Amino acid sequence: MDDPENFLDRQLDLVVIGAGINGAAAAREAALRGLRTLLIDKVDIASGTSSASSRLIHGGPRYLEHGEIRLVRESLRERELLLHTAPHLVRPYALLIPFYAHNRRPAIALRAGMLAYDVLSPGKSTPRHRTLSREELVTAYPSIERRGLQGGILYFDAYACFAERLAVEQALDVCAAGSSVRTHLAADGITAGSTALELELTDGLTGSAMTIQSRAVVNASGPWVDDVLAGVCGVDDSDRPLIGAVKGSHLVLAGFPESPATGIHYEAQADARPILVLPQADGTVLVGSTEVVEAGDPGTLRCSDEEIDYLLTETNRLLPAASVNRGHVLQSYAGARPLPYQPATVRPQDVSRDHSVVPHPRVPGLFSLTGGKLTTHRALGELAVDRIVDHLDTQRSRRRGLTARERAGLRRRAACSPTRATPLPGGRTADWAAFATRFAQRDPLNAGKGGRLLSLYGVRALRVDARISADPKLAAVVVGTDDVAAAEVEIAVTEEFARTLTDVMARRLMLSRTADAGLSVAPAVADLCAAILGWDRQRIATELSAYRSWSEALRPQSLATSDAERAARGSGAESRRS
Ligand SMILES: Cc1cc2nc3c(=O)[nH]c(=O)nc-3n(C[C@H](O)[C@H](O)[C@H](O)COP(=O)(O)OP(=O)(O)OC[C@H]3O[C@@H](n4cnc5c(N)ncnc54)[C@H](O)[C@@H]3O)c2cc1C
């Protein structure tokens, strides 16, 4: 990890505000193109919407309904790139679309959509779609509702189970390219100067304030984009908002008898919205999502009782044998899609999922990102940096008096995106499958552990081994887990920008996905963090309490009783720490 204060001595080309997947991707693109970049987040990498998605890396068959061919083609191209550049984090994933008599979308339209899906992704590495007869479908999915079932389509997209780590790996590359990343550092104000933008920053953990200058700024704060713009000093801020955030929730269900063998993309009977039922590698089933317009801080969203009931009802309509109820809900989560602002008359499901880079009308060098998907983060990063480079070149050529031809030359060079072909740090091997086999064979007794290390870290799993070789104490298994090594905690806080217990638990080691949201493991992880970072007893207690508050927003099963008690006392929603 770079020296946290390194960036203070530097003349920065770019500050990226927000280390969600899109900000992290823009910072990686910029750093790899040689711009001196600082990536900051007021909380942590992927602590916002990027940890609250369905985690599909997909073209989005339903966007075809809205004629968004460009978006689907780009998404399919990005899906294929990610399968190669991040094979440990992004894996092929099969999905079924069943045709029911109740569907508002006719089977013929779905078939045509799937043909287009294949045509728009030439040379892809995943299989083409396949039509299933009713009989074939019932045999392959014995628990599926048969009434009204007419057949279906089986197709492939991809899945990023640990989407948070996809963002963490972008940040690792920012540092590897000589730029800086800082978590828990908020941008509170932006002032335009004659040659640079001045940013007021505050460290959320120490309270220390600082001012830095940068030639350009990307506001990648997702659903907080308009809040950041409200901090631009000395300019009229009466512009229309850029973001119209739409809440979406998911349930994590305990595996049930005859859980489907693949994901299912189902049309809800209640409102014809798409519902995804997504079996996970750990045996749980993710079900989502909803679309609800809800005012308030995007950091304090919780999945409501109504959303839970809606998602359970639709799951039971699709899979009656599952008979899921609230007792099956291990936890839930909610996030805000940072969609482009639309008047209230437009239904959330009709708002485009496409992205754009919006220059500030009165502050040259300040650009905001709107829209976007997990899938298209790299493409949005590339687009943002193209705009930044354009802006910087225009400034530079004005100063130096370059000709239009010289400027065009600079632009051509700038347009070569290094991220199209550069694997993420965990994907840097010529043959991922061979590496994974060798890694697992080396330690057959620990095959389970090897599997976990590989899917979290890719080839960086070797870093865990290296740390253990250097200090055998780090081989100790974290109390309360089967296979998490103490070395992983050390790597999280010394190499991966984690500064709090919640950062480590939720977005590095991915330990919060259980029925108790990792609360039983948290004390052991806190002690390990304390030993490395020098936390005293007081700090450990503060971290544990902050983690508990954060996890309460997930409404984990183990806290259901205390949830009910709180409701009885009439207290409000717990906020996520953000
Ligand atoms: C329910 C749901 C399902 C989805 N499913 C999918 C899917 O299956 N596939 C897909 O491709 N996409 C999906 N998406 C979309 C995708 O998750 C989002 O588009 C994407 O994660 C947005 O990332 P972001 O980086 O723009 O925003 P965020 O992840 O929200 O990041 C913004 C960051 O900015 C930080 N920040 C805010 N203010 C400041 C400040 N003042 N200073 C510093 N930092 C600040 C925040 O802390 C946050 O970390 C889904 C979204 C939702 C809500």
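Let us look at the structure shown here.

A short note on the side chain of E80
Item 1. Here E80 shows up in helix α3 (residues 69-85).
Item 2. Buried charge without a partner: E80 forms no salt bridge, and the closest opposite charge is R79, 5.1 Å away.
Item 3. Here the side chain of E80 touches S125 through a polar contact of 2.8 Å, side chain to side chain.
Item 4. Those residues in contact with E80, other than ones at most four positions away along the chain, are G123, K124 and S125.

Things to note about the nonpolar core
Item 1. I45, V90, L166, V504 and V525 are the most contacted members of the largest nonpolar core, which has 117 residues in total.
Item 2. If one sorts the elements of this core by residue count, helix α6 (residues 163-176) sits on top with eight residues.
Item 3. Excluding residues that lie within four positions of it along the chain, V525 makes contacts with V478, V489, L501, V504, M505 and L511.
Item 4. Membership of the second largest hydrophobic core comes to 29 residues, among which are L132, I144, I264 and V285.

Digging into the pattern of salt bridges
Item 1. Evaluated as defined, the whole model comprises 44 salt bridges.
Item 2. The partner of E496 in a salt bridge is R460, with the nearest N and O atoms 2.8 Å apart. Highlighted residues: E496 in the loop between α14 (486-494) and α15 (501-507) and R460 in the loop between α12 (447-457) and α13 (461-470), separated in sequence by 36 residues. Accessibility assignment for this pair places E496 and R460 in one class, buried.
Item 3. When the shortest N-O distance is used, the salt bridge between E495 and R467 registers 2.5 Å. With E495 in the loop between α14 and α15 and R467 in helix α13, the pair connects residues that are 28 residues apart, well separated along the chain. In this structure, E495 and R467 share a single accessibility class: buried.
Item 4. Connected through shared salt-bridge partners, R165, R460, R463, R467, E490, E495 and E496 make up one network.

Examining the packing of helix α1 (residues 21-32) against α6
Item 1. In contact at an axis separation of 8 Å, α1 and α6 are set at 25° when each is read in the N-to-C sense. Relative to α6, α1 is oriented roughly parallel. Here the hand of the crossing between α1 and α6 comes out left-handed. Where α1 abuts α6, its residues I21, A24, A25, A27, R28, A31 and L32 lie against L166, A167, Q170, D173 and V174.

Some thoughts on the pairing of strand β6 (residues 149-159)
Item 1. The buried fraction of β6 is high, at nine of eleven residues.
Item 2. Pairing of strand β3 (residues 56-57) with β6 involves two bridges; the strand directions are antiparallel. The partner of I57 across the bridge, within β6, is A158.
Item 3. One ladder, built from ten bridges, connects strand β4 (residues 91-100) with β6; its direction is antiparallel. Its bridge partner lying in β6, L96 is registered against L154.
Item 4. Taken together, the four bridges between strand β5 (residues 130-133) and β6 define a ladder with antiparallel strand orientation. When the bridges of β6 are listed, T131 appears paired with I153.

Observations regarding the site of the ligand
Item 1. Near the ligand there are 37 residues, and of these D41, S50, L56, G372 and T375 occur at the shortest range.
Item 2. In the environment of the ligand, a nitrogen atom lies 3.0 Å from a nitrogen or oxygen atom belonging to the backbone of A187.
Item 3. Within the backbone of L374, a nitrogen or oxygen atom sits 3.0 Å from an oxygen atom of the ligand.
Item 4. Contributing elements (two or more residues each) for the shell around the ligand: α1, β8 (185-192), β11 (246-253) and β15 (329-337).
Item 5. If you tally residues by element for the shell around the ligand, the top one is β8, at three residues.

Some thoughts on the packing of aromatic side chains
Item 1. Evaluation of the coordinates by the stated rule reveals six aromatic pairs.
Item 2. Here Y100 and Y266 contribute two aromatic rings whose centre-to-centre distance is 6.0 Å and whose plane-to-plane angle is 90°, an arrangement assigned as edge-to-face. Of this pair, Y100 sits in strand β4 while Y266 sits in strand β12 (residues 263-267), and the two are 166 residues apart along the sequence. One exposure class covers both Y100 and Y266, and it is buried.
Item 3. Ring plane angle 25° and centroid distance 5.9 Å describe the contact between W432 and F435, whose orientation is recorded as stacked. Of this pair, W432 and F435 both sit in helix α11 (residues 432-442), three residues apart, which is roughly one turn of that helix. There is no split in this pair, since W432 and F435 are both buried.
Item 4. Among the aromatic residues, ring-to-ring pairing joins W432, F435 and F439 into one connected group.

Considerations on unusual backbone geometry
Item 1. Omega for the peptide link from G288 to S289 comes to -5°, which places this bond in the cis form.
Item 2. When you line up the elements, S289 lands in the loop between β14 (285-288) and α8 (305-318).
Item 3. Here A272, not a glycine, exhibits a phi torsion of approximately 65°, which is positive.
Item 4. Looking at A272, the relative accessible area reads 7%, which means it is buried.
Item 5. Backbone geometry at R555 places phi at a positive 50°, although glycine is not the residue there.
Item 6. Residue position: R555 is located in the loop between α17 (537-552) and α18 (560-569).

Details of the layout of surface pockets
Item 1. Put simply, the second largest pocket is a space of about 930 Å³.
Item 2. Around the second largest pocket sit 36 residues that line it, and C161, F162, A281, D282 and M510 are the ones nearest its centre.
Item 3. At the level of secondary structure, the elements contributing two or more residues to the lining of the second largest pocket comprise β4 and α12.
Item 4. Grouping the amino acids of the lining of the second largest pocket by side-chain chemistry returns 17 nonpolar, twelve polar and seven charged.

Here is what the cut-offs are and how they apply
Residues numbered from 1 in each chain as written. Predicted model: local features only at pLDDT ≥ 70, side-chain atom pairs only at ≥ 80, totals over all residues. Heavy atoms only, no water. Helix = DSSP H or I, 4+ residues; strand = E, 2+ residues; numbered from the N terminus. Buried < 20%, exposed > 50% of the residue type's maximum accessible area, 1.4 Å probe, protein only. Lys, Arg positive; Asp, Glu negative; His and termini not counted. Salt bridge = Lys/Arg side-chain N within 4 Å of Asp/Glu carboxyl O. Polar contact = N/O pair within 3.5 Å; in protein donor to acceptor, adjacent residues only side chain to side chain. Contact = heavy atoms within 4.5 Å. Core = buried A, V, L, I, M, F, W, Y, C linked by side-chain atoms within 4.5 Å. Axes fitted to C-alpha atoms, helices over the stretch in contact; angles between N-to-C directions. Parallel < 35°, antiparallel > 145°, perpendicular 65-115°, else oblique. Left-handed = near helix turned anticlockwise from the far one by under 90°. Pairing = 2+ DSSP bridges. Near = heavy atom within 4 Å. Phe/Tyr/Trp six-rings, centres within 6.5 Å; stacked < 30°, edge-to-face > 60°. 1 Å grid on protein atoms, 1.4 Å probe; cavity = no way out; pocket = protein on both sides within 12 Å on 5 of 7 lines; lining within 4 Å. Points joined across faces, edges and corners; volume = space filled by probe spheres on them. Nonpolar A, V, L, I, M, F, W, Y, C, P; charged D, E, K, R; others polar.

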